[in-house]
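Summary of the model geometry
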Amino acid sequence: MGLIGKENVLLEPKSSKRTEMKDFINGYLDGFWVKDVLSFKESPYCNLEVEKDRKIFSILDFTNIKSETIKLEFKYFFAYQIESKVINPRTTWLQYAHCFRKFIAFINQEKVLKDSIVEIRKEELLTIYRSWMVKNNFKITRANWKNKQQNVVAAAISFFNSVYDFFFDFYDEREEFEKDIWNFDRLGVDFNEASTKRCLDFTAIKEPWKAVTKRYIKERCVVIQEIVPSTGVVGVTKLTYFFSWLFVEYPDWTDLKRLTRSIVLKYLHYLRTTPMGGSRFQKKPTDEHVKTTMLCLSVFLDYIQVNEWEIAPTVPVKKLITSAEKPNSYKKRRENNGDVLEYIPDEVWEKVVENIDKLSNRFKIMALTIEESGFRITDICSLKLDCVFKDGKGGFWLKGDQRKVRKKNHKVPISVELAIVLQAQIEAVKLESNEQNNPKNYLFPILNGRRVGKPVSTPSIARVLNKLAEECDIYDKDGKIFHFRAHQFRHRYGMILVNKGVNIIIIQELMAHASPEMTVVYAKLLDNTKREAWETSREQGALRLESNGIFTPVQLESSAEENGIELEWIRHNYDSLRMDHGYCIKSPKMSCSFLEEMIETPCIKNNCRSFHVDNTFVDYYQSQIIQLEQDIILYKRQGRVRSVELSEKRIQNYKKILSEIKGNGGIFGIPKDKREIFEDERILKT
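The residue numbers shown here count from 1 along each chain, following its written sequence. Since the coordinates come from a predicted model, pLDDT governs what is reported: local features require at least 70, and pairs of side-chain atoms require 80 or more to be given and counted, while whole-chain, interface and lining totals use all residues. Hydrogens are left out, water is left out, and the side-chain values use all remaining heavy atoms of the structure.

**Side note on the overall build of the protein chain**
Defined as follows: Segments assigned H or I by DSSP are reported as helices when at least four residues long, segments assigned E as strands when at least two residues long, and all are numbered from the N terminus. What makes two residues a contact is simply this: any of their non-hydrogen atoms within 4.5 Å. Each accessible area is a Shrake-Rupley result for a 1.4 Å probe, and residues are judged covered by the shown protein chains and nothing else.
Each helix and strand counted, the protein chain has 29 helices and 17 strands in total. Once local pairs closer than 6 in sequence are excluded, the contacts in the protein chain between residues at least 24 apart make up 60%. When the accessible surface of the protein chain is summed, it comes to about 38000 Å², and 52% of that surface belongs to carbon and sulfur atoms.

If you want it as structure tokens, here you go:
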């Protein structure tokens, strides 16, 4: 018998599939699933020592199913899903048992199914089922627990969708590209498993445009691999708008050769006046939505023209769609927005840290890792168990793939504290995971449920943090509850590096930017920050350290005049005045009389006779010299004159000490007998 499924195609379930189901049921758990009445308490899954298990009284009753093949399908569905850890046994008997009873009652009363659950087109069967539920006073929707203002389908409808989709997929033996829904797992390409997008759905597109869209996505995503599957999802969604409109407006078209500028403008007007999100949400179309949709169409038309497709328009794409109808370039958007980047400010992050123990261990570790590493959230989710390593100098690093720029094993330095936390997570996951529930060795895996074996999803992190913001009153600068977005952590990382004076090229490398354009934005933001700091300093004044050791309030104008510097010069060279412990506004042309006093610790500066070094300190002084030489390069790039002077003097001292160690074995102070007496006694003995 031919089966009509959700894609409105005929499927012939082979006898081998039925045999496969029977063999699985007979061989699984010593034939437990062969029985027609299954009690949880009598099942291998029940642990009577657990109080929660004692309260499960539901049973799975298959006796009322008249069709042996449908009975077989349901048994196979439950057994396979539990064995694969897609569903939990307790959930099966607690929740699914009720949904199962409803659906069996529906089948028996309506007599709509004879041989298989999928013998009727999904939309048709669902319509009949929903009508039956309403007639019998069952709810078909429920309140969304995430958003009480929004309704979602009832559990019984979700159960129906799960069973139907499971068996349609089970019986469908066509090649993936023949189907109207392509599963990422079967495309043979790399994709982001942390994404909630799992398939490419062409069902809403009518022929002949469906075949056109499939060919386009296959070539770009699978053959050339210039886009990832998740980008393909966006392309399909946006092209659906165009082809659905085209199918209605020009039903006789089989190619795009007659596409003109006037037709494109007509379509543009349609986008501007048609609610986005479909009939369910009815949202007013945003400018971003319209321009992104036009961009996807432009890219598609350009592709088929360049590759000389027979159906391509004869008019060049640049004359069909202008730049004004597409999103601005990255550079232009930054200029229009004043280079504004949304990043997590210090005060918000401090509140997160204060309340971080309210998060589960998994999300606590993820939040700390995102903040310190600068990895994109999607790449944090996809970290593997071998992501932490130690270099030859004892420093810890985090490594992982940067999917967006296709960079494998990108690495960044991390603190010892974060390394310890991550190592604890690694060990904990190793204890709980195996080849079945974590085959790809993810650091943050889902170990059971529908996404078993996949990493934590990207949206879940922002969702958890936003919930924390609401519960702990974490506000933004405008007094509103702070709303966390995926990329804010990354922008925070970039801002921290810039504020610390790290070279732009190094920042680009650490953040795995494909080009320096994005990295330069942080530098521009720093210029704005410096300007704000300058204005604030000018308005509020500053504190000056007097010769008697007392700080007194002063105005920068007066201090500048005393040091022979114009105020405007300070404003333009604000960063060059900065030292690690404060600002010096003495003119660089004037020598610093206190330079010697600042160079070194008292032991070295004052030539203390109690200070000793020997050859065990060689590595220390060598590493200090190397670090100082690197600092000087950085200070010179930033124009930090005083910092250069201090560092050069320290290098001289360290090289002198290192020379003495290598040449004489060390530098030794006064003899031991004199070191171990008080200062006044020492004077008497000399």
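**Thoughts on the environment of D165**
For the record, the criterion: Here's how the labels work: a residue is buried when its accessible area is under 20% of the maximum for its type, exposed when over 50%, partly exposed in between, all with a 1.4 Å probe on protein chains only.
Looking at the secondary structure, you find D165 in helix 6 (residues 155-171). For D165, a relative accessible area of 25% corresponds to the partly exposed category.

**Thoughts on the sheet that holds strand 9 (residues 388-390)**
The cut-off we apply is this: We treat two strands as partners when DSSP finds at least two bridges between them. Note on geometry: axes are C-alpha line fits, over the in-contact stretch for helices, and angles between N-to-C directions span 0 to 180 degrees.
With antiparallel pairing, the 3 strands of this open sheet are ordered in space as 9-10-11. The two strands at the open ends of the sheet, each matched to only one other strand, are strand 9 and strand 11 (407-414). Recorded for the sheet is a direction-independent mean angle of 35 degrees between the axes of neighbouring strands. Note: strand 9 against strand 10 (residues 396-402), 3 bridges, orientation antiparallel. Directly across from V388, in strand 10, lies its bridge partner L398.

**Re helix 5 (residues 122-135)**
Think of an α-helix as turning once every 3.6 residues; residues three or four places apart then point the same way. Note the following rule: The span you would expect from a helix comes to 1.5 Å times its residue count less one. What the arc covers is the set of directions going from the helix axis to the C-beta atoms.
The end-to-end C-alpha distance of helix 5 is 20 Å, a good match for the 20 Å that 14 residues give at a rise of 1.5 Å each. By the burial criterion, the buried members of helix 5 are K122, L125, L126, Y129, W132 and M133. One side of helix 5 holds all its buried residues, which, seen down the axis, span an arc of 125 degrees. Looking at the buried positions of helix 5, the neighbouring elements they touch are helix 4 (89-110) and helix 6. Immediately beyond the C-terminal end of helix 5, within one or two residues, lies N137, with a positive phi of roughly 65 degrees.

**Focus on the side chain of N437**
This is how the line gets drawn: By the criterion applied in these results, polar contacts are pairs of N or O atoms within 3.5 Å in which, for protein atoms, one can donate a hydrogen and the other can accept it, and in which residues neighboring in sequence qualify only through two side-chain atoms.
Tracing the backbone shows N437 in the loop between helix 17 (416-432) and helix 18 (458-471). By relative accessible area, which is 5% here, N437 ends up buried. Polar contacts involving the side chain of N437 include one to the main-chain amide nitrogen of N434, which spans 2.7 Å. Ignoring sequence-local partners within four residues, the contact set of N437 consists of E432, I446, L447, V452 and G453.

**Notes on helix 14 (residues 346-354)**
Residues of helix 14 that are buried include every one of V348, W349 and V352, and no others. End-on, the buried residues of helix 14 take up no more than an arc of 95 degrees, which puts them together on one face.

**A word on the nonpolar core**
Heads up, the condition is: Residues belong to a common nonpolar core when they are buried Ala, Val, Leu, Ile, Met, Phe, Trp, Tyr or Cys residues joined through side-chain atoms within 4.5 Å.
Membership of the largest hydrophobic core comes to 52 residues, with the highest contact counts inside it found for W33, F74, F78 and F167. If you list the elements that add at least two residues to this core, you get helix 1 (15-27), helix 3 (68-83), helix 4, helix 5 and helix 6. When residues of this core are assigned to their parent elements, the largest contribution, 11 residues, is made by helix 6. Of all hydrophobic cores here, the second largest spans 44 residues; its members include V189, V222, L268 and L271.

By themselves, these observations are geometric and do not establish any function.
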